[in-house]
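For reference, the chains in residue letters:
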Amino acid sequence: MWGLLPLALLQSALLALGQVTLKISLQQIGTFSWSWQFFARTFTNVWFALCGLCFGVSSLLWMYIIKHYPLSMAYPMISLSYVMGMLAAVLIFHEHVPVTRWIGLGLIIIGVVLVVQKGY
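Residues numbered from 1 in each chain as written. Predicted model: local features only at pLDDT ≥ 70, side-chain atom pairs only at ≥ 80, totals over all residues. Heavy atoms only, no water.

Colleague: Hey, could you go over the packing of aromatic side chains for me, with residue numbers and the actual values?
Modeller: A full pass over the atoms with the stated rule returns 8 aromatic pairs. The interplanar angle of 90° and the centroid separation of 5.0 Å between the aromatic rings of Phe 32 and Trp 34 together place this pair among those described as edge-to-face. Assessed through its relative accessible area of 47%, Phe 32 is described here as partly exposed. Taking the relative accessible area as the measure of exposure, Trp 34 reaches 74% and is therefore exposed. On the basis of an interplanar angle of 45° and a centroid distance of 6.0 Å, the ring pair of Trp 34 and Phe 39 is categorised as tilted. Here a set of aromatic residues connected by ring pairs shows up, and it is made of Phe 32, Trp 34, Phe 38, Phe 39, Phe 43 and Phe 48. Directly above the ring of Phe 93 sits Lys 23, whose terminal nitrogen or CZ lies 5.5 Å from the centroid. (Phe/Tyr/Trp six-rings, centres within 6.5 Å; stacked < 30°, edge-to-face > 60°. Buried < 20%, exposed > 50% of the residue type's maximum accessible area, 1.4 Å probe, protein only. Lys NZ or Arg CZ within 6 Å of the ring centre and 35° of its normal.)

Set out below in structure tokens:
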């Protein structure tokens, strides 16, 4: 059986991938409107479908995690998706990230390391 950290990394990666594919799909779909054409473009977009798949699998994995591990350890691990999301923003969308956000990311990583310590 896998430990909490590998499962949390996979679940966080799926969450971040879901956000990335959602952003890509929204860029392709165009301007939002309450029209049949908009929803037809949305629900026939491959990236939107992949987004739903990522979120669905992530949710199933999350159900497994919170069933088998203490919530006080598992829940903070979700913050790894913030780290992965910001890395995706830089690597995929070529966004500029100020130093203060990198510091925040470092603090998140330090927090996760402290949470997974066997000090209980």
